[in-house]
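Coordinate analysis (summary)
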Amino acid sequence: MKEHINRLESAQLKTLEEILRKNRELEMELDAVRRDLASNKERNDDLENAGENPRAAARRKKPIALRKKKSEKALESVQTKGFPDSTETDLVEHLSNDSSNHTPESPSSDQLSKLKAETALVRQQFETLRKTTTAELSILPEISKQLTDQVAGTLEASQAEIERLRSRLAMESASRRKLLTEVQDLRGIVRVYCRPRPPSTEDSIFNIPSQETIVLRRDTNDKRKRQPMSFEFDRIFEPSLPQQDVYGEVQEVCLGVLDGFNITVMAFGPKGCGKTRTILGEITCTDGEVSLEEHGIQLQAMKQLFTIAQHRAERFKDTFSLSIVEVHDDRLSDMLVGTTCGDAKGQVVVADSSSGRRKSQKHKQSDDDASSGRTAKLEIRSDLHGETVVQGALTVELEDFDEVERTWVECIGNRRRRLEEQEMDVGAYEASSHVITTLKVTSANIATGHGVVGKLQFFDMAAAELTKHSSDSEGKDSTTISVLGDGMRFKNRSLETLGEVAVARSQFVRSVPYRNSTLTHLLRDSLDGDTKVLFLACVSSDPSDVQDSAATLRLASRMRQISIGKATKHSLTSP
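Computed from a predicted model, the values in this text were never measured in an experiment. (Residues numbered from 1 in each chain as written. Predicted model: local features only at pLDDT ≥ 70, side-chain atom pairs only at ≥ 80, totals over all residues. Heavy atoms only, no water.)

Turning next to the nonpolar core. Core analysis: the biggest nonpolar cluster contains 50 residues, and Phe233, Met266, Phe268, Met461 and Phe535 have the highest contact counts within it. When residues in this core are grouped by element, the largest group, six residues, is from helix 15 (residues 546–559). Contacts of Met266, omitting those with residues within four sequence positions, involve Phe459, Met461, Leu523, Leu527, Val533, Leu534, Phe535, Leu536 and Met559. Of all hydrophobic cores here, the second largest spans 49 residues; its members include Tyr247, Met302, Met335 and Leu534. (Core = buried A, V, L, I, M, F, W, Y, C linked by side-chain atoms within 4.5 Å. Buried < 20%, exposed > 50% of the residue type's maximum accessible area, 1.4 Å probe, protein only. Helix = DSSP H or I, 4+ residues; strand = E, 2+ residues; numbered from the N terminus. Contact = heavy atoms within 4.5 Å.)

With that settled, the discussion passes to the confidence of the model for the protein chain. Averaged over all residues, the pLDDT of the protein chain equals 79, while 77% of them reach at least 70. Here residues 354–375 is modelled with pLDDT under 50, and outside its nearest four sequence neighbours on either side it reaches 54 contacts, counting other chains as well. (pLDDT = per-residue confidence, 0-100.)

Moving on: the environment of Arg34. In this structure, Arg34 sits in helix 1 (residues 2–48). Of the residues examined, Arg34 reaches a relative accessible area of 45% and is grouped as partly exposed. For the pair Arg34 and Arg123, spaced 89 residues apart in sequence, the C-alpha separation works out to 9.0 Å.

Here the focus is the pattern of salt bridges. With the rule as written, the count across this model stands at 21 salt bridges. With its nearest N and O atoms 2.7 Å apart, the salt bridge here joins Glu161 to Arg164. Here Arg164 and Glu161 lie together in helix 4 (residues 109–187), a separation of three residues that amounts to about one turn. Relative accessible area serves as the criterion here: at 43%, Arg164 is assigned to the partly exposed category. Across the pair Asp203 and Arg217 runs a salt bridge whose closest N-O atoms are separated by 3.7 Å. (Salt bridge = Lys/Arg side-chain N within 4 Å of Asp/Glu carboxyl O.)

Shown next, in the form of structure tokens:
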């Protein structure tokens with residue numbers, strides 16, 4: 001359609017240029033005719049006044065006088081040399097004849113009549129040409145207007161057709177994604193997405209032939225490793241894709257928490273590849289002030305959930321409870337402790353395995369209170385329903401999205417100040433820690449009393465950096481080596497255990513080592529229950545990071561082979 005519009009515009013421009021060219025030729029012909037008329041007029045005037053102009057007569061007399069002088073000189077020379085009289089007489093006659101032959105002739109009446117007729121004909125042709133040119137110039141604006149209207153109409157029709165096709169494409173894409181989501185829900189597999197970071201130079205190690213395929217090029221000295229590696233995932237994001245478009249791809253799954261589903265979103269990849277940016281957003285710290293810009297999946301999902309809750313407040317009562325914990329060196333810490341929201345209305349979660357219920361107590365400042373959020377020890381517990389609970393962690397009931405954003409800013413700022421007081425490297429600490437955010441959503445129908453409860457979790461994992469595998473631990477880590485290959489392993493023990501869990505789950509091993517690390521212990525509900533799991537592989541496009549990126553893609557490919565089972569709704573009461 002665009003090529004058709006371009007061809008129409010080119011044809012119309014050529015037509016206008018042809019009309020302008022003809023006008024220029026007519027103007028040139030008109031100038032030539034004017035010059036011819038002026039020349040003919042001068043010529044006629046000269047011919048008519050030839051006999052009456054004294055200057056012309058003088059010009060005619062002057063040659064005769066000159067010829068007379070020459071004749072006299074000739075006679076004198078003859079007389080001096082003594083020629084005979086007969087010869088002198090003949091010479092005089094010859095000179096007189098010569099003089100008579102050079103007498104100017106006046107134009108005849110026939111010639112004048114012919115010139116006048118030619119002049120009249122030229123004038124008539126000039127008048128005809130002038131009238132034709134004037135007429136063509138007068139209709140030129142109308143023709144231009146018609147052509148402009150025609151182009152505008154064609155362009156408007158083309159744009160309408162493009163919009164119609166775009167709408168149809170959007171509907172087809174939405175229908176396709178819906179069907180794909182239904183198929184994935186029935187199959188119960190992990191949805192895996194890949195988001196490459198834009199390369200720092202023009203050289204990129206990735207080729208993206210389609211939205212589902214990514215090809216990794218490896219330039220090494222080993223001929224066996226020069227072959228490109230191809231991976232197929234549910235979606236490959238373009239490196240320059242905006243945050244809003246990334247969230248749009250997972251939006252429907254995240255909003256399923258309002259229907260009572262459990263959803264887990266994990267971000268995995270090397271350091272500096274955009275895990276935190278994809279999950280949370282762009283974090284900037286200026287003069288000790290922390291701000292969140294370009295919100296990631298987590299904040300965009302929470303903002304939309306609060307917007308939906310506000311729009312349907314007359315029919316449903318929605319409550320949101322937030323908890324944020326951090327895992328560093330397999331030790332748990334509560335990031336809500338010390339925040340304004342956590343101190344004001346934080347509740348400590350206690351899992352009672354005997355009754356299978358969660359008990360919440362008001363957070364107090366007393367050190368004697370065993371349930372205090374500041375002194376309580378964080379432990380991972382499982383109740384009778386098999387749900388994993390971080391006992392001792394604070395949970396905060398939120399009122400709006402602004403409170404979520406303020407809480408996150410406080411959490412990040414408190415952590416930075418604590419690390420600076422301890423003279424620790426903030427970047428290194430953040431790269432080696434996992435941040436787990438849990439949003440529990442309870443929705444109850446006001447009219448019927450029926451309600452559902454869903455859980456939306458976000459895992460911002462530590463940097464997936466590699467190290468050489470030692471021969472001493474060959475027997476222990478054989479499963480992980482089968483995932484990474486090349487005799488490499490992850491530096492972070494939790495990520496190493498995650499690789500072991502992925503291998504065990506993809507191979508349907510009965511004993512899965514969830515308890516080998518705190519991270520995988522927290523992930524047990526997601527990987528071994530009725531949960532919709534999204535795995536985001538964030539990789540670097542720089543040639544220097546090819547090994548880390550290859551390891552991340554291998555693990556992501558292994559995660560895609562995990563079958564969890566069909567997710568189910570979690571109801572509060574019987575319908």
